[in-house]
Amino acid sequence: MILELQRVEKRFGGVRAVDGVTFAIDEGEFAALIGPNGAGKTTLLALIAAALRCDAGSILFAGAPIGATPVQCARLGIGRTFQNAQVFTSMTLRENVLLALAARDRSALAVGRALWPDARSAGAAVTSAADELLARVGLREHALRAAAEIAYPDAKRLELAIALAGRPRLLLMDEPTAGMAAAERLALMDLVRAVATHSRMTVLFTEHSMDAVFGYARRVLVMARGKLIADGAPDAVRRDAAAQSAYFGAPA
Ligand SMILES: Nc1ncnc2c1ncn2[C@@H]1O[C@H](COP(=O)(O)OP(=O)(O)OP(=O)(O)O)[C@@H](O)[C@H]1O
Ligand SMILES: [Mg+2]
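About the cut-offs
- Residues numbered from 1 in each chain as written.
- Chains lettered and ligands numbered in written order.
- Predicted model: local features only at pLDDT ≥ 70, side-chain atom pairs only at ≥ 80, totals over all residues.
- Heavy atoms only, no water.
- Pairing = 2+ DSSP bridges.
- Helix = DSSP H or I, 4+ residues; strand = E, 2+ residues; numbered from the N terminus.
- Contact = heavy atoms within 4.5 Å.
- Axes fitted to C-alpha atoms, helices over the stretch in contact; angles between N-to-C directions.
- Donors = N, O, S within 2.8 Å, 3.2 Å for Na, K, Ca; no water.
- Buried < 20%, exposed > 50% of the residue type's maximum accessible area, 1.4 Å probe, protein only.
- Salt bridge = Lys/Arg side-chain N within 4 Å of Asp/Glu carboxyl O.
- Expected span 1.5 Å × (residues − 1).
- Arc of directions from axis to C-beta.

S.K.: Please explain the sheet that holds strand β2 (residues 15-25) as it appears in this structure.
M.R.: Two pairing modes exist for strands in a sheet, parallel and antiparallel, and in both the strands are linked by backbone hydrogen bonds. The strand order across the open sheet formed by four strands is β2-β1-β4-β5, and the pairing between neighbours is antiparallel. Whereas interior strands pair on both sides, the edge strands pair on one side only; in this sheet they are β2 and β5 (64-65). The pairing of strand β1 (residues 3-12) with strand β4 (residues 56-61) spans five bridges and is classified as antiparallel. The partner of glutamine 6 across the bridge, within β4, is serine 58. On top of the sheet, helix α1 (residues 41-48) reaches β1, β2 and β4; it is set at about 120° to β1, its chief contact.

Have a look at this one:
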């Protein structure tokens, strides 16, 4: 098991955002976490990445407790992308990825040399590592553009490259295709699946778009009001009465 949650709880005042959630994920799984607005999906991902602390319960990553901070979790191999793409808009795409590489390797010197032209040759290896990551997400030709200038789906791809720079074993993606048109959405999910297969990476993603969920996930977990109410193969979850009434039956 790469990830094991036992009776995890998180409250915000009187709101039980995550209410006794237990499940485990095997290495290599490609799983979707779905549920209506406010179900607790983002909160759960934040707990797994240690951006929030559990009020009760435990979270194990590769058999050991997750780190106490997001940085520790990242070093352990837990990567994350956010509901709203988090990139440095004033920097180029390459600089965004270079920063992420620096965070992983702490090779600040080499990265500094890549960022400042007088010492460019010393930073060539790091620069090419950044450009390879950009190539993997289809953004190599935009390496020198400012992140503020690129289209929204490309910012989501950049965020994926930034996450991959940390070489995660487990990638948590919060609504990776939010705000995208259908074709862009499926292109992004194709990319994530290809990258996951290529790097033997486990993926847990939240989504509201059912084509992204049922077209890609091999397992679907359903949350409602903080609780896990269904968990299984996509076809079984689609037929599950509790999942249907909590989610599929909900007005659009
Ligand atoms: N920082 C916070 N402070 C107080 N309440 C919060 C906080 N974060 C989340 N909540 C509440 O916790 C519950 C779960 O929210 P969460 O964002 O995890 O849901 P979600 O499933 O990700 O929803 P969405 O699909 O809209 O993104 C909601 O009732 C929300 O209002
Ligand atoms: Mg959310």
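Further notes follow.
S.K.: For this particular structure, what's the right way to read the coordination of the magnesium ion (ligand 2)?
M.R.: Note on metal geometry: ideal angles are 109.5 degrees for four donors arranged tetrahedrally and 90 or 180 degrees for six donors arranged octahedrally. Taken together, the protein donors to the magnesium ion (ligand 2) comprise Thr42 (OG1) and Gln83 (OE1), at separations of 2.0 to 2.4 Å. Taken together, the residues threonine 42 in helix α1 and glutamine 83 in the loop between β6 (78-81) and α3 (93-105) connect sequence positions 41 residues apart. For threonine 42, a relative accessible area of 31% corresponds to the partly exposed category.

S.K.: Looking at this structure, I do not really get the pairing of β6. What am I missing?
M.R.: Two faces make up the sheet, and in a regular strand the side chains alternate between them. Burial of the side chains of β6 extends over both faces: Ile78 and Arg80 are buried on one face and Gly79 and Thr81 on the other. Two strands pair when backbone bridges link them, and β6 and strand β7 (residues 170-174) are joined in this way by four bridges, in the parallel orientation. Paired with glycine 79 across the bridge in β7 is leucine 171.

S.K.: So what exactly am I meant to see when it comes to the pattern of salt bridges here?
M.R.: Pairing of side chains with opposite charge becomes possible as their charged atoms draw close. Considering all chains together, one arrives at eleven salt bridges under this definition. Across the pair aspartate 19 and lysine 227 runs a salt bridge whose closest N-O atoms are separated by 3.0 Å. Here the residue aspartate 19 occupies a position in strand β2, and lysine 227 occupies one in strand β10 (residues 227-232), the gap between them amounting to 208 residues. Since its relative accessible area comes to 15%, aspartate 19 is described here as buried.

S.K.: Please explain helix α5 (residues 124-136) as it appears in this structure.
M.R.: Taking 1.5 Å per residue as the helical rise, α5 with its 13 residues ought to reach 18 Å, and the 18 Å between its terminal C-alpha atoms agrees with that figure. Within the sequence span of α5, burial applies to Val126, Thr127, Ala130, Asp131, Leu133 and Leu134. The arc that holds the buried residues of α5, viewed along the axis, is 155°, so those residues lie on one side. Opposite the packed face of α5, turned more than 90 degrees from it, sit the exposed residues Ala125 and Glu132. Directly after α5, the chain includes glycine 138, whose backbone phi takes a positive value near 80°.

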